[in-house]
Amino acid sequence: MLASFSVLGFLVPWLVKEQTWMLLYALTANFQPQPRGYLINTPTCTLPEYDPFHASILPFIKEPSHLDCNPKNLSPLTLTEGFTIRVNSDKDVLKSYGVTETDLSCCFKEITREQEPLAHYTEECDNKYKYSKCFPIDNNSPAPVSADGALVICSDSKNSKPVYKNVHYFFHMAKIQEKIKKFSERQKHGEARPLNLILLGIDSTSRQNFIRYLPKTFKFLSEDPATLDFVGYNKVSDNTDPNVSPIIMGNRAEDLYNFKENCYKSQLDNFDDCPFIWKKFSSKNYATVYVEDAPEIGLFHYRKVGFVNEPTDFYARPYILATEKEIGHSKTVSLNSCYGLQITTEVIYDHIIQALDNISDSIPVFGFFWTGSLTHDLNEPAAALDLPTLNLFQKYFSSRHRNNSIILFFGDHGLRFGNIRSTYLGALEERLPFVRMIFPLWFPEKFKHSWKNLLINQQRLTNNYDLHSTLLDILNGSFEVSGNPTSPHGYGRSLFLEIPDNRTCASAHIPQHYCVCHPSESIEVDDANVIKGALILTDAINKLLSGSPQCAVLELDQIHAARISRISTKSSITLFSNPKDFRMYTLTLQTNPGGGSFEGSVVEKEDGSLHHIDSISRINMYGNQSFCVQDSVLKRFCYCKKFKAEWKRRSPTG
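A few words on the overall build of the protein. Helices and strands together make up the secondary structure of the protein, namely 18 helices and 24 strands. By the compact-globule yardstick of 26 Å for 654 residues, the protein fits well, its C-alpha radius of gyration being 26 Å. C-alpha atoms of the protein, sized along the principal axes, occupy 80 × 70 × 55 Å. Looking at the protein as a whole, 60% of its 654 residues qualify as buried. Of the contacts made within the protein by residues no fewer than 6 positions apart, 72% connect residues no fewer than 24 positions apart. As displayed, the protein offers around 26700 Å² of accessible surface, 52% of which is attributable to carbon and sulfur atoms. Charge-centre separation for the protein: the mean point of 68 positive side chains lies 1 Å from the mean point of 72 negative side chains.

Listed below in structure tokens is the structure:
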């Protein structure tokens, strides 16, 4: 790996400039890489394994990003003890902030969520929070805090100059006393104690990129005897929401972005009535926790309303919003990378351990934790997560929680934009997020049959719906004999059951456009079917935009790359009246105006006609080009007719 990056030190400065990458892409897109083995090799699915530093993508791999949120190596000026905040009175610490204990004046403001009525909520219902007055913190005694979030402000009393800010987080148990009581009653009747379940997700992180930029964590987890690596996990949709919601709601991916989900019929709907799996865990007297960084692009908040009522017992959004505002800094492209002295993701990790430490002795915990601040826009910032993630799992593995908890550690997809995404291997890894499951050390021995299935399933075709089914088995404690639960639409197979070796993308409900099972080869971009297919895809985009007259009609500008797959109808959706093998063309093209780059697939029917299937992916950034539409799907395709004039008007030089 070091050798790869030393080569990059020479290549990167000139190879990945904006005007150069398309030339490189033209040279690499149609390159046929050689695999070094197979991740899946079953009768109906063949997925080659490629070097994460393969020569065809090496020009687009940058050196690991360095991030230092605490360049002065400061210690926190305030600390928490239980449900109190105290001043760190260490003289060296005080000196590092340029104050003495006598001159230091600290206070804290409790942070609480502002509740809107469900019957009359606004689009800002999940973005509102308020501060209490600032309660003084005596330098010699801890100050009690009654809220789950508190903003600390410390000043030098000689000149009232602020010298320190921080946000502290708590898990007050008063709100779950009724659950604790019910759980205790059930325990008295001999009911087995359920395992804690933690879902930890990292945005836009493929398995390949995990290997590249989190090598220490990858090695550590790979050496653990009760940690699994599902190398054949295939995403089912384009972006984050429709890939995560099937896991935690069990819905069909396409229903969310097509507004066909019963609980979400329009972009102005809230998610309060959606069937999140944490509601099922809550009904079994689990304490439920939801913590997410980068709140401006939250899973249920980016161009969405979010929740009117708090969705879980412990909902960190108001405190994280305050954290962003008060101590967020060091942006990676568009998002804060640091909260005070810590990497943003470290704050999320701290919540995991704190929730388990504070709650799990009294009641089992279901936690949903999501981080995207470093990884959403680029691949290389993930490197800054290697040591924090390693530290998290080292701490977890040495804690009492290891033997009474399961962790699902996963990504939603790989990087969806940029230079590497426009290569064949980049497109492949974008469809293959990482998925790890971490079990108690005693689990393999106690549940031998299920563990055998889990081991087999690591190299079978799996997806989001399977994870949902597996979570339902965990909910019911069905480890040895799976209840084979499925989603409301009958999707998914629990990973405690063996995934059949004849499973196909069609039977697993993975759209062909995202399916990684079919070997493909490059084809010349001037092939007649390629040109025809590119025109069909361009027309499909324009049909999507036909109800938005403010968007320009797009024209095909150029075809960057084309690949052809020959697919057996035995392993595909039946598209033909007389089933037989068919050909699928996956095309990367550029349109004008706006220079949008898109990837889509067309199939050739038995009569030789071509037809667009599944969705079309936008694979380059589009910035503010689509400012004139609010629909989250249309934004990927629309080039506003007034874009140039509008942004010239808004420009300081315009």
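On to the side chain of Arg 113. Tracing the backbone through its elements, the reader meets Arg 113 in strand 5 (residues 104–113). You can call Arg 113 buried: its relative accessible area is 12%. Of note is the side chain of Arg 113, whose polar atom sits 3.1 Å from the side chain of Gln 115. Of note is the side chain of Arg 113, whose polar atom sits 2.7 Å from the side chain of Asp 126. Beyond its immediate sequence surroundings of up to four residues, Arg 113 is in contact with Cys 125, Asp 126, Lys 128, Tyr 129, Phe 307, Val 308, Asn 309, Glu 310, Tyr 315 and Pro 318.

Strand order in the open sheet formed by three strands is 14-15-16, and the pairing between neighbours is antiparallel. Looking at the sheet topology across the chains shown, the edges are occupied by strand 14 (328–332) and strand 16 (342–343). Two strands pair when backbone bridges link them, and strand 14 and strand 15 (residues 335–339) are joined in this way by four bridges, in the antiparallel orientation. In the strand pairing of strand 15, Thr 332 is matched with Leu 335.

With that out of the way, let us pick up the packing of aromatic side chains. On inspection of all chains with the given rule, the structure shows 46 aromatic pairs. Seen from their ring centres, Phe 276 and Phe 307 are 5.6 Å apart, and the 55 degrees between their planes marks the pair as tilted. Here Phe 307 lies in the loop between strand 12 (287–292) and strand 13 (314–315) and Phe 276 lies in the loop between helix 8 (253–257) and helix 9 (277–283), a separation of 31 residues in the sequence. As far as the burial class goes, Phe 276 and Phe 307 line up, both buried. Phe 307 gets classed as buried once you look at its relative accessible area, which sits at 1%. Put simply, the rings of Phe 259, Tyr 264, Phe 271, Phe 276, Trp 278, Tyr 290, Phe 300, Phe 307, Tyr 315, Phe 368, Trp 370 and Phe 410 touch in pairs and so form one group of aromatic residues. Stacked on the ring of Tyr 131, the Lys or Arg Lys 109 has its end atom at 5.5 Å from the ring centre.

Quick look at the side chain of Asn 379 now. When you line up the elements, Asn 379 lands in the loop between strand 17 (365–371) and helix 12 (386–397). Side chain to side chain, Asn 379 and Asn 209 meet in a polar contact 3.2 Å long. Asn 379 has contacts with Ser 204, Asn 209, Arg 212, Tyr 213, Leu 415 and Ile 420, leaving out every residue within four places of it along the chain.

Attention now goes to the nonpolar core. Formed by 87 residues in total, the largest nonpolar core has its most connected members in Val 289, Ile 359, Phe 393 and Phe 409. Of all the elements, helix 11 (residues 344–359) adds the most residues to this core, at eight residues. If you look at the next biggest cluster of nonpolar residues, it comprises 49 residues, including Leu 408, Leu 471, Leu 475 and Phe 496.

Turning our attention to unusual backbone geometry. Most peptide bonds are trans, and most residues other than glycine sit at a negative phi. For the bond running from Asn 592 to Pro 593, omega is 0 degrees, close enough to zero to count as cis. Among the structural elements, Pro 593 can be located in the loop between strand 22 (582–592) and strand 23 (596–604). Even without being a glycine, Val 333 presents a positive backbone phi close to 65 degrees. Along the chain, Val 333 falls in the loop between strand 14 and strand 15. The phi angle at His 509 is positive, at roughly 65 degrees, despite the residue not being glycine. With relative accessibility at 31%, the residue His 509 sits in the partly exposed group.

All right, on to the pairing of strand 18 (residues 405–411) then. For strand 18, the tally of buried residues reaches seven of seven residues, placing the bulk of the element in the interior. Of the two faces of strand 18, the one holding Ser 405, Ile 407, Phe 409 and Gly 411 and the one holding Ile 406, Leu 408 and Phe 410 are both buried throughout. Alignment of strand 10 (residues 196–202) against strand 18, held across seven bridges, turns out to be parallel. Note that in strand 18 the partner of Leu 200 across the bridge is Phe 409. One ladder, built from four bridges, connects strand 18 with strand 19 (residues 435–438); its direction is antiparallel. Considered in strand 19, the bridge of Phe 409 is made with Arg 436.

Parameters at a glance
- Residues numbered from 1 in each chain as written.
- Predicted model: local features only at pLDDT ≥ 70, side-chain atom pairs only at ≥ 80, totals over all residues.
- Heavy atoms only, no water.
- Helix = DSSP H or I, 4+ residues; strand = E, 2+ residues; numbered from the N terminus.
- Rg over C-alpha atoms; globule rule 2.2 N^0.38 Å.
- Buried < 20%, exposed > 50% of the residue type's maximum accessible area, 1.4 Å probe, protein only.
- Contact = heavy atoms within 4.5 Å.
- Areas by Shrake-Rupley, 256 points an atom, 1.4 Å probe, with all protein chains shown as cover.
- Lys, Arg positive; Asp, Glu negative; His and termini not counted.
- Charge placed at Lys NZ, Arg CZ, Asp CG, Glu CD.
- Polar contact = N/O pair within 3.5 Å; in protein donor to acceptor, adjacent residues only side chain to side chain.
- Pairing = 2+ DSSP bridges.
- Phe/Tyr/Trp six-rings, centres within 6.5 Å; stacked < 30°, edge-to-face > 60°.
- Lys NZ or Arg CZ within 6 Å of the ring centre and 35° of its normal.
- Core = buried A, V, L, I, M, F, W, Y, C linked by side-chain atoms within 4.5 Å.

Coordinates in, geometry out; function isn't part of it.
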